[in-house]
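# Structural overview for review
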Amino acid sequence: MKTKSSAKKRFKVTGSGKIKRKHAFKSHILTKKSKKRKLALTHSALVHSTDMKSVKEQLRII
């Protein structure tokens, strides 16, 4: 079975098996957002444990 194309563009699997994601709200209307907020949105985050099953199914890792 093929992986979901949208999912493979948005998520990366780390060496330990966790799934990295990027933050939303960093693409436009940036003038009203503070520098601190924009910098925090730049860094990647991990997918929450409650969403892990869904993302793994989309990536066909399970």
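See the structure printed just above.
First, a word on scope: everything that follows refers to the structure included in this document. On a predicted model such as this, the values are computed, not experimentally measured, just so you know.

Quick look at the sheet that holds strand β1 (residues 12-13) now. Here we have three strands laid out as an open sheet, ordered β1-β2-β3, and antiparallel in their pairing. In this open sheet, the two edge strands, each paired with only one partner strand, are β1 and β3 (45-46). Examined bridge by bridge, strand β2 (residues 19-21) and β3 share two bridges and lie antiparallel to one another. Pairing of R21 across the sheet is with A45, part of β3.

Further remarks concern the environment of T42. Mapped onto the fold, T42 is located in helix α2 (residues 35-42). For the pair formed by T42 and G17, sequence separation is 25 residues and the distance between their alpha carbons is 22 Å. Within the structure, T42 has its side chain in polar contact with the side chain of K26 (distance 3.1 Å). Separated by 2.9 Å, the side chain of T42 and the backbone oxygen of K38 make a polar contact.

This next bit is on the side chain of K33. Tracing the backbone through its elements, the reader meets K33 in the loop between β2 and α2. For the buried K33, no salt bridge is present, and the opposite-charge side chain at shortest range is D51, 20 Å distant. A distance of 3.4 Å separates a polar side-chain atom of K33 from the backbone oxygen of H28. Ignoring anything within four residues of it in the chain, the contact list for K33 reads F25, H28 and K38.

So, how was this worked out
Residues numbered from 1 in each chain as written. Predicted model: local features only at pLDDT ≥ 70, side-chain atom pairs only at ≥ 80, totals over all residues. Heavy atoms only, no water. Pairing = 2+ DSSP bridges. Helix = DSSP H or I, 4+ residues; strand = E, 2+ residues; numbered from the N terminus. Polar contact = N/O pair within 3.5 Å; in protein donor to acceptor, adjacent residues only side chain to side chain. Buried < 20%, exposed > 50% of the residue type's maximum accessible area, 1.4 Å probe, protein only. Lys, Arg positive; Asp, Glu negative; His and termini not counted. Salt bridge = Lys/Arg side-chain N within 4 Å of Asp/Glu carboxyl O. Contact = heavy atoms within 4.5 Å.

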